[in-house]
Structures are given as structure tokens and as C-alpha cells.
Amino acid sequence: MKLRALGTGGPFCRWPLIPSSWLLQSGGSNILINCPPQAAARLETLGVAPDKISMIIPLGYTAAQAGGLDEFGHIFSYAPQKPYLACSESLMSRILGRIEYPRSFQLRAAKQVGFVEEHITENLVFTDNFSGSCGFRLEHAGIFCSGSAKVNEDWLHQNSDCNILRSEEH
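Residues numbered from 1 in each chain as written. Predicted model: local features only at pLDDT ≥ 70, side-chain atom pairs only at ≥ 80, totals over all residues. Heavy atoms only, no water.

Describing the nonpolar core
Next, step 1: Of all hydrophobic cores here, the largest spans 40 residues; its most connected members are Ile-33, Ile-56, Ile-57, Leu-69 and Phe-72.
Next, step 2: Ignoring anything within four residues of it in the chain, the contact list for Ile-33 reads Leu-3, Ser-21, Trp-22, Leu-24, Ile-57, Leu-59, Leu-124 and Phe-136. (Core = buried A, V, L, I, M, F, W, Y, C linked by side-chain atoms within 4.5 Å. Buried < 20%, exposed > 50% of the residue type's maximum accessible area, 1.4 Å probe, protein only. Contact = heavy atoms within 4.5 Å.)

Shown next, in the form of C-alpha cells:
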């Protein structure tokens, strides 16, 4: 598994500092975590065609977190194999009210997503950050991202075994 940062900026960043998003490459799959409007262009600079994305995991419903879903929806509108759009159930209902191409995705409301590697299964677990969006934790890798909320003392205690703690909040 490889986790690559596509953007590390705040919600209103311009190119090349796009809002926080990541490309998780696992077992031949490309998973996009957060989908700002600039995500497709940023993927292409890394040599990954947008139509090679197999799953998109938005962490919120704002433009900085899900504004690129319409571009991906258009890309996959006639594709025989649709990518998964996976997020928590409460977030899914908010996102579906904002995107134009919901039929371009295989929709999955979930509490966690598993990625099968050669020797391990990595679980991405969604965490509610009580800001209308969510964060995530990669259990085996020991990575915790609070999403658009500041990391608080409670999360630090709960995720004390993590090697990396990240907050998108600026």
C-alpha cells in the first residue's frame, strides 16, 4: 500500500496547493480520498489517469472535499465499470443531493473500507469529527486524519498507537 498526498492546502487553495486529498494505491487499485475540483488534474501530473480510479472516498460534502465528483461522474458516465463512491451513511445523503451524476458510481455507505494486500488487510475506518464531515484511520498503518476538524485530546488518547496524526483544519 502506498499513500500519496495530492494536496495539503486549505479549502480555498489554488493550484498547485489544492485542498487536502490523497491517492491510496493498494493491490493494483487507485483510491482517491477527498475529491476537490483539482483532483483529476493533480492525478494526471502523477501519471494516474482519472479513469483508473476504482474508488472515491469523500470526507465531507463541501467543494473542497467533494467538488470534483461531477468531473469524475462525467468521466465514468458511459464506462462499463463504475468506481465505488464510499463514505458514511449520513455523508452519502448530503453528497447525493449535490452531485449531477450519481449513476456514474457504485454507491456504498459504510463504517469502514478494507483493502486486501498480499499479506495484510488494511482497514480505513471512518471517524465522525462532529463538523458535518468525517476523518479516517488506517488501522494497520497507524495513520489518523481528523478531517476538517482540529485533533482534540480525546482523539489523541484513542489513537495513541498512531504514527501519524493529521488535521485538515487551518
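Right, picking up where we left off after that structure.
What about unusual backbone geometry?
Next, step 1: Phi at Asn-34 takes a positive value of approximately 70°, unusual for a residue other than glycine.
Next, step 2: Tracing the backbone through its elements, the reader meets Asn-34 in the loop between strand S3 (29-33) and helix H1 (39-45). (Helix = DSSP H or I, 4+ residues; strand = E, 2+ residues; numbered from the N terminus.)

Regarding the pairing of S3
Next, step 1: With four of its five residues buried, S3 lies for the most part within the structure.
Next, step 2: With five bridges joining them, strand S2 (residues 21-26) and S3 adopt antiparallel strand pairing. Looking at S3, one finds that Gln-25 is bridged to Asn-30.
Next, step 3: Between S2 and the antiparallel strand that follows it, S3, lie two residues; Gly-27 among them carries a positive phi value of about 50°. (Pairing = 2+ DSSP bridges.)

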